[in-house]
Amino acid sequence: MTILKQQTSALHAGYEKDSQRTMAVPIYQTTAYEFRDVEHAANLFSLKELGNIYTRLMNPTTDVFEKRFAALEGGEAAIAAASGMSAIFFAIANCAEAGDNIICASQLYGGTLTQTQHTLKRFGIEARFFDVHKPAEIEALVDEKTKCIFFESLTNPSIDVADISAITAIAKKHKIITIVDNTVATPILCQPFEYGVDVTVHSASKYTTGQGLAIGGILVERKGLLEVLKGNPRYPQFNEPDASYHGLVYVDVPLPVFTLRIRLSLLRDIGAVVSPFNSWLFIQGMEHLSLRMKEHSANALAIAQFLESHPKVLKVNYPGLKSNSNYASAQKYFKNGMSSGLLSFEVADMETAEKIVNATELYSLVVNIGDSKSIITHPASTTHQQLSSEELIKCGVPAGLIRISAGLEDKDDLIDDIKQALESI
Ligand SMILES: *Cc1c(COP(=O)(O)O)cnc(C)c1O
């Protein structure tokens, strides 16, 4: 079949009906799968044949989620994980080992900051940081132990848009893998592979489920990633025999090897696997992801425009505003003028921010984004509480910053509520 348009893939990709011919993708709620005989079992374990073994490694419902998401993102293959954080861990741990370093944008999701700065450090992997607006800083951080460059296409919570092409150009020069967290932009707004990115990761817990229903993550590998890995001295783990998989040399396997190595080693040994039921929820969410992203983007823009005109608001961060320093990048990298549902605004100080958050009625005080219900968050007292005031400024999260994830309610109600909250203090 010809390559389908994105919205058609969102409804059909990766699902071949079985003998029951169910319209909805079935939930294969099972731990394991029966082998035909001993030879079949041995063939599956030695990769002579591909097939189901155990749900920690693969599952037919999750397989549809993976294939469909890969199609949506324009990639070759995907692998699902138990959460966005585990997908990020798998992506980095597939490149870097003790003694290596990774280069990350400073403007990152709070969990990713702590994972890279603290947890990976304890595993012997050093994270070096660059300002996402100054890709040239990367050059001075690269050495022969650098294994990947990690950044977010649309950053959470600082809401900056990365100059993706500028970053991938530097990565290509040094033959380093780029990993992009595309959670906030979603495949609907942004297709990072078009700009030379190698691997994308997502928290499926956000826009993919869309209604705040489940935790999950997914990682996608671009077509032709093998060219970067094969014979590249940075990546011996793909070029030398894997002792934990009877001497398998990944670059010699005719399959998308980045995701294959995660499945065969990291998913096998770490076990942060998504449940079949959650995969099924993500499949439902993908069907209308493009419709929702249009509405999330329109509502966020309307709220941002209102806030921009309000005297108590010092600054509004939304890449869809012409006044925003990220506007040009958003126009370049995001489709159809959409800028997603995330915006933030700054008020005088921590205390004022807390009062405004408490005074809203329609917005729920929740540390999540991408729900159909609107959410308000005060990062300095929650997701970024562990950071010092210096670190807060560095990652673009001042104490008076309030973040909003615009839901799918009527925009007039959303504006009225934020207006009454601002005026009640
Ligand atoms: C939420 C989020 C994550 C973490 O995902 P979980 O599914 O909560 O583990 C990672 N990156 C970004 C940008 C996020 O918004």
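Presented here is a report on the structure given in the accompanying data block. (Residues numbered from 1 in each chain as written. Predicted model: local features only at pLDDT ≥ 70, side-chain atom pairs only at ≥ 80, totals over all residues. Heavy atoms only, no water.)

On the basis of which strands lie adjacent, the open sheet formed by 7 strands has the order S1-S7-S6-S5-S4-S2-S3 and mixed pairing. Looking along the sheet, the strands with just one partner apiece sit at the ends: strand S1 (77-81) and strand S3 (126-130). Neighbour to neighbour, the strand axes of the sheet diverge by 20° on average, direction disregarded. Across 3 bridges, the pairing between strand S2 (residues 101-105) and strand S4 (residues 146-152) is parallel. Paired with isoleucine 103 across the two strands is isoleucine 149, which belongs to S4. Lying on the sheet, helix H7 (residues 164-174) is in contact with S3, S4 and strand S5 (177-181); it crosses S4 at an angle near 180°. Against the sheet, helix H11 (residues 257-270) engages S1, S5, strand S6 (199-203) and strand S7 (217-221), with an angle of about 30° to S1. (Pairing = 2+ DSSP bridges. Helix = DSSP H or I, 4+ residues; strand = E, 2+ residues; numbered from the N terminus. Axes fitted to C-alpha atoms, helices over the stretch in contact; angles between N-to-C directions. Contact = heavy atoms within 4.5 Å.)

For the structure on display, the rule yields 13 salt bridges. In this structure, glutamate 66 and arginine 263 form a salt bridge, with 3.1 Å as the shortest nitrogen-oxygen distance. Taken together, the residues glutamate 66 in helix H3 (residues 60-73) and arginine 263 in helix H11 connect sequence positions 197 residues apart. Arginine 263 carries the same exposure label as glutamate 66, and that label is buried. For aspartate 269, the salt bridge identified is with arginine 268, shortest N-O distance 2.7 Å. (Salt bridge = Lys/Arg side-chain N within 4 Å of Asp/Glu carboxyl O. Buried < 20%, exposed > 50% of the residue type's maximum accessible area, 1.4 Å probe, protein only.)

Another point: the site of the ligand. Around the ligand, the surrounding shell holds 13 residues, and the nearest of these are Gly84, Asp181, Ser203, Ser205 and Lys206. Relative to its unbound accessible surface of 380 Å², the ligand loses 93% to contact with the protein. It is helix H4 (residues 84-93) that provides the largest number of residues to the shell around the ligand, a total of 3 residues. Each residue belonging to the shell around the ligand can be placed in one class, and the counts come to 4 nonpolar, 7 polar and 2 charged. (Near = heavy atom within 4 Å. Areas by Shrake-Rupley, 256 points an atom, 1.4 Å probe, with all protein chains shown as cover. Nonpolar A, V, L, I, M, F, W, Y, C, P; charged D, E, K, R; others polar.)

Attention now moves to the side chain of histidine 202. Among the structural elements, histidine 202 can be located in strand S6. Judged by its relative accessible area of 2%, histidine 202 falls in the buried class. Looking at histidine 202, its side chain comes within polar contact range of the side chain of glutamate 73, at 2.6 Å. Aside from chain neighbours lying at most four places away, what touches histidine 202 is Phe69, Glu73, Gly84, Ala87, Asn182, Thr183, Thr186, Pro187, Gly216, Gly217 and Ile218. (Polar contact = N/O pair within 3.5 Å; in protein donor to acceptor, adjacent residues only side chain to side chain.)

With that out of the way, let us pick up the sheet that holds strand S10 (residues 364-365). If you walk across this open sheet you meet the 5 strands as S8-S9-S12-S11-S10, and the pairing is mixed. The sheet terminates laterally at strand S8 (315-317) and S10, the two strands that pair on one side only. Across 5 bridges, the pairing between strand S9 (residues 342-346) and strand S12 (residues 401-405) is antiparallel. Bridge pairing links serine 344 to arginine 403 in S12. Sheet strands in contact with helix H13 (residues 289-308) are S8, S9 and S12, and its direction is about 10° off that of S9.

Limitation: the analysis is restricted to geometry and does not speak to function.
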